[in-house]
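Chain and residue survey
Listed here are the chains, written in short residue letters.
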Amino acid sequence: MAVIHHTTLSPTKLELLAPWLPTRPWYAGSSSPVLARSGGFRLDDPQGEVGIEFMVVTDTSGAEPVAYFVPLTYRGAPLAGAEDALVGTTEHGVLGKRWVYDGGYDPVLAERLFALLDGRAEPQAQSETDTPDPTITHSRTGGPIGSAVAAVTEGTEGTDLSVTGATLRLNRALRPDAPLPEDATGHVSGPWRTPEDAEVRGAFAVLRTA
C-alpha cells in the first residue's frame, strides 16, 4: 500500500513537467506550457518501492486547452538503463531525493497497468492513502497476454507498449467521450476536470490484441 505524504516537493511535479512536455512527440502545445492538475489515479507497487501515479494535466498555453495523460513513477534511486525516460529529480519533504520517470518506460508501472486491465490491481485515489477510486473503469477480453514490455514506441498519437500478443496505447492528448476503437479488446478510462471545472471522461489507455 502506497502511503500518500502531504508534504513539500521541490521542484513540484508541474515544474518538472513544464520543460519536459515540449520534448514529447505527442505534445501539441507551446514551448512554454501553462499547466494545471486536472485528474488522475494511482496504483500500488506490491513491493512498496515505486510510487505509481497516472496524472492528467491540462495545458492552457495554446488556442484551446488540452488535457494530457502523464503516467509517472517515483523512485528512491535511478532506474538502470532508463536515462532517456527521466523526467527529473525532486526533493521530497519526507522521502528525500526522488527520481521521476516517464511511467511508460518503467517496468513496474507497466506490470501494474496490465494487472489493472486483468482485474488483479485496484485503482487508488490520487491523493489519499488506501482509498480505492471507483471512478476508474477498466476491462479486458480475450486470452492471456504478456505483461513484460518488449518495446515502447512514441508517436504523435500516444505511446505504445508492446507485449506478447497485444499492444497497449497510452492516449496522451485526451479526447472527452471519444468512442473506443472497434478493434479494442480492453481499456482504462476515467474522469478529469476542464478549466471551467466541468467533469469529463475518456479513455486513458486502449488495448489491442494481435
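The shown structure was predicted, so the numbers you read here are calculated from the model rather than taken from an experiment.

Notes on the environment of Ala-150
Relative to the assigned elements, Ala-150 resides in the loop between β7 (137-140) and β8 (151-154). Taking the relative accessible area as the measure of exposure, Ala-150 reaches 71% and is therefore exposed. Ala-150 sits 69 residues away from Gly-81 along the chain, and the two C-alpha atoms are 14 Å apart.

What to know about helix α1 (residues 13-20)
Turning to α1, its buried residues number three or more, namely Lys-13, Leu-16, Leu-17 and Trp-20. End-on view of α1: buried residues confined to an arc of 95 degrees, all on one side of the axis. When the buried face of α1 is taken as reference, the exposed residues oriented beyond 90 degrees from it are Glu-15 and Pro-19. Residues of α1 that are buried in the fold lie against β1 (9-10), β2 (35-43), β3 (51-59), β4 (66-75), β5 (86-92) and β6 (96-102).

Considerations on the pairing of β3
Where burial is concerned, most of β3 is hidden: 9 out of the 9 residues are buried. Pairing between β2 and β3: 8 bridges, direction antiparallel. Looking at β3, one finds that Gly-40 is bridged to Met-55. Pairing analysis gives 9 bridges linking β3 to β4, with the strands arranged antiparallel. Each bridged residue has a counterpart across the sheet, and for Phe-54 the counterpart in β4 is Pro-71. Between the end of β3 and the start of β4, which pair antiparallel, lie 6 residues.

Observations concerning helix α2 (residues 107-117)
Most of α2 is tucked away: 8 of the 11 residues are buried. Among the residues of α2, Leu-109, Ala-110, Arg-112, Leu-113, Phe-114, Ala-115, Leu-116 and Leu-117 are the ones counted as buried. Its side-chain oxygen 3.0 Å from the backbone nitrogen of Val-108, Asp-106 forms the N-cap of α2. The first or second residue beyond α2 is Gly-119, which carries a positive phi of 80 degrees.

A closer look at the environment of Ala-110
Tracing the chain through its elements places Ala-110 in helix α2. Classification of Ala-110 by relative accessible area gives buried; the value is 1%. Each C-alpha atom of the pair Ala-110 and Val-152 lies 11 Å from the other, and the pair is 42 residues apart in sequence.

Remarks on the nonpolar core
If you look at the biggest cluster of nonpolar residues, it comprises 28 residues, and the most contacted ones within it are Phe-41, Phe-54, Leu-168, Val-188 and Phe-204. Of all the elements, α2 adds the most residues to this core, at 6 residues. With near-sequence residues (within four places) excluded, Phe-41 lies in contact with Glu-53, Phe-54, Leu-116, Pro-123, Gln-124, Gln-126, Asp-133, Ile-136, Val-188 and Phe-204.

Structural notes on unusual backbone geometry
Notably, Asp-177 is not glycine yet its phi reads approximately 60 degrees, a positive angle. By the secondary structure assignment, Asp-177 is in the loop between β10 (166-171) and β11 (186-193). Given a relative accessible area of 62%, Asp-177 falls into the exposed group. The residue Asp-197 is not glycine, and still its phi comes out positive at about 70 degrees. Locating Asp-197 in the fold gives a position in the loop between β11 and β12 (199-209).

The rules behind each value
- Residues numbered from 1 in each chain as written.
- Predicted model: local features only at pLDDT ≥ 70, side-chain atom pairs only at ≥ 80, totals over all residues.
- Heavy atoms only, no water.
- Helix = DSSP H or I, 4+ residues; strand = E, 2+ residues; numbered from the N terminus.
- Buried < 20%, exposed > 50% of the residue type's maximum accessible area, 1.4 Å probe, protein only.
- Arc of directions from axis to C-beta.
- Contact = heavy atoms within 4.5 Å.
- Pairing = 2+ DSSP bridges.
- Polar contact = N/O pair within 3.5 Å; in protein donor to acceptor, adjacent residues only side chain to side chain.
- Core = buried A, V, L, I, M, F, W, Y, C linked by side-chain atoms within 4.5 Å.

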